[in-house]
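# Secondary and tertiary structure notes
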Amino acid sequence: QQATGVQPPMDRIINRGMQRAKASIAAGEYAQAIRFLDDVLGKDEDGFVEEGDEGGLAGRKQTALRLIRDLPSEGRQSYEASYGATAQRLLEAAIEKGDAKSLATVAHRYFFTPAGYEAALLLAMDEADAGRHFSAALAYEQLLDAPEAARRFEPALSIRAASSWMAAGEDEKARQILEKLLAQS
């Protein structure tokens, strides 16, 4: 038998769990799905899951984040009730210790909570302060793409994003962000 290509690492149990999580969310049964998605985000390693009918692949953690992002209002409330307080405690501990790695954990694992947004903002600001403007701009963009984060941090978020894009030499992206901000005013 001849090999047809490289096979990416896939865990069949996680793949089935992701399918069950999608079905649970579609049925309005959020608690178990949210718990599973948090477990995926809490793992050190990442891998791939099957995505779509054509057997495409997507990253496990990206898929978990997308499913959380796309939860309906009731699901988002359930997610916040389940993980908001934990994320806030971890954020406070990371800030108190000055621990950037723990701050990154909060930003990545609990991005769609108020504490996750705050952790992501602090990390983006740190990137900008360190002169890593492209990385900072991408982090600010991620926050701008999350409506709850944008509402919470605007207009400063758009100004920081535009500033980072300009410092990275991407004046057109900066202009687009500022024009969008002015249109919303």
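Residues numbered from 1 in each chain as written. Predicted model: local features only at pLDDT ≥ 70, side-chain atom pairs only at ≥ 80, totals over all residues. Heavy atoms only, no water.

## Here's the deal with unusual backbone geometry
Residue P155 is bonded to the preceding E154 through a cis peptide linkage, with omega at 5°. Residue placement: P155 occurs in the loop between helix 8 (147–153) and helix 9 (156–167). (Helix = DSSP H or I, 4+ residues; strand = E, 2+ residues; numbered from the N terminus.)

## Details of the side chain of E127
For E127, the position within the fold is in helix 6 (residues 114–129). Of the residues examined, E127 reaches a relative accessible area of 18% and is grouped as buried. Discounting residues that sit within four places of it in the chain, E127 has contacts with R132, S135 and A136. (Buried < 20%, exposed > 50% of the residue type's maximum accessible area, 1.4 Å probe, protein only. Contact = heavy atoms within 4.5 Å.)

## Considerations on the packing of helix 5 (residues 100–109) against helix 6
Direction vectors running N to C along helix 5 and helix 6 enclose 130°, while the axes themselves pass 7 Å from each other. Taken together, helix 5 and helix 6 sit at an angle that is classed as oblique. For the pair helix 5 and helix 6, the sense of crossing is left-handed. Between helix 5 and helix 6, the contacting residues are A100, L103, A104, V106 and A107 on the first element and A115, G116, A119, A120, L122 and L123 on the second. (Axes fitted to C-alpha atoms, helices over the stretch in contact; angles between N-to-C directions. Parallel < 35°, antiparallel > 145°, perpendicular 65-115°, else oblique. Left-handed = near helix turned anticlockwise from the far one by under 90°.)

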